[in-house]
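Chain and residue survey
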Amino acid sequence: KNATTDDILFSPRIYQSDRGILPPHLYRRLCRLFAPDAPYWDESGYHHRGYYSYFIDLERKNDIRTNDGTITRKSVRECPTNVIEDVIVHYLLPLAERTLREEH
C-alpha cells in the first residue's frame, strides 16, 4: 500500500527564508566542504557507493580538554566535535524539535 497524507503524522515542511537556516559563515563552510571538487567526495569513496547516510550518536561521550588542561567527558549533544555535529546539534535538531512541537 502506498502512503497517503492521511497515513503520515504531518506533511513535510519546506523552509524558505531570506536569512536561511544556518548562519552565513556555517553555510559557506558547508558549501566548501561539499563542493563538487572538494576532497570529501574522493576521500569518502562516494563515487563507488552512491547514496549513503551517517548515524551520529548524540549521547556518545568524548574526552574534551578544557581551557585549564583538565579532561572531561561530554556528549556530542553537549559539545560537538566537528562542523557537521555543530550544525546538527545547534541548528537542525532544534529546528526539527520546534517544528514537531508546533505541528502537534
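Residues numbered from 1 in each chain as written. Predicted model: local features only at pLDDT ≥ 70, side-chain atom pairs only at ≥ 80, totals over all residues. Heavy atoms only, no water.

1. So, the pattern of salt bridges
Basically, it comes down to this: Here, a salt bridge means any Lys or Arg side-chain nitrogen found within 4 Å of an Asp or Glu carboxyl oxygen. Runs of H or I in DSSP of at least four residues are treated as helices and runs of E of at least two as strands, each being numbered from the N terminus.
In the structure shown here, the tally under the stated rule is 4 salt bridges. A salt bridge links Glu78 to Lys61, with the shortest nitrogen-to-oxygen separation between them at 3.8 Å. One end of the pair, Glu78, is in the loop between β2 (71-75) and α4 (83-103); the other, Lys61, is in strand β1 (residues 61-65), and 17 residues separate them in sequence. Across the pair Asp63 and Arg73 runs a salt bridge, and its minimum N-O distance is 2.6 Å.

2. Focus on the packing of aromatic side chains
Basically, it comes down to this: Two aromatic rings, drawn from Phe, Tyr or Trp (for Trp, its six-membered ring), form a pair once their centres lie within 6.5 Å of each other, and the interplanar angle then sorts them: stacked below 30 degrees, edge-to-face above 60, tilted otherwise. Exposure classes here rest on a 1.4 Å probe applied to the protein chains alone. A residue is buried below 20% of its type maximum, exposed above 50%, and partly exposed in between.
The final tally for this structure, using the stated rule, is 4 aromatic pairs. Each ring, one from Phe34 and one from Tyr40, has its centre 5.0 Å from the other, and the planes form 80°; the classification is edge-to-face. For Phe34, a relative accessible area of 35% gives the class partly exposed.

3. A short note on the nonpolar core
Put simply, the rule is: Only buried residues count toward a nonpolar core. Its members are Ala, Val, Leu, Ile, Met, Phe, Trp, Tyr and Cys residues joined through side-chain atoms within 4.5 Å. We call two residues contacting when some pair of their heavy atoms lies within 4.5 Å.
Counting residues in hydrophobic clusters, the biggest one holds 5 residues: Leu22, Leu26, Leu30, Val83 and Val87. Of all the secondary-structure elements, those providing two or more residues to this core are α1 (24-33) and α4. Not counting residues up to four positions away in its chain, the partners in contact with Val83 are Leu26, Arg29, Leu30 and Leu33.

4. So, the pairing of β2
Selection rule: Being paired, for any two strands, means DSSP has found at least two bridges between them.
Looking at chain direction, β1 and β2 are connected through 5 bridges and run antiparallel. Bridging from a neighbouring strand, Asn62 pairs with Lys74 of β2. Linking β1 back to β2 in an antiparallel pair, the connection comprises 5 residues, with Gly69 at a positive phi of about 95°.

5. Remarks on the side chain of Ser44
Put simply, the test is: Two N or O atoms count as a polar contact when they lie within 3.5 Å, although within protein this holds only if one can serve as hydrogen donor and the other as acceptor, and sequence-adjacent residues are included solely when both atoms are side-chain atoms.
As for its position among the elements, Ser44 is in helix α2 (residues 39-44). On the accessibility criterion, Ser44 (10% relative accessible area) is buried. One polar contact links the side chain of Ser44 to the main-chain carbonyl oxygen of Trp41, over a distance of 3.3 Å. At 3.3 Å, the side chain of Ser44 forms a polar contact with the backbone nitrogen of Tyr46.

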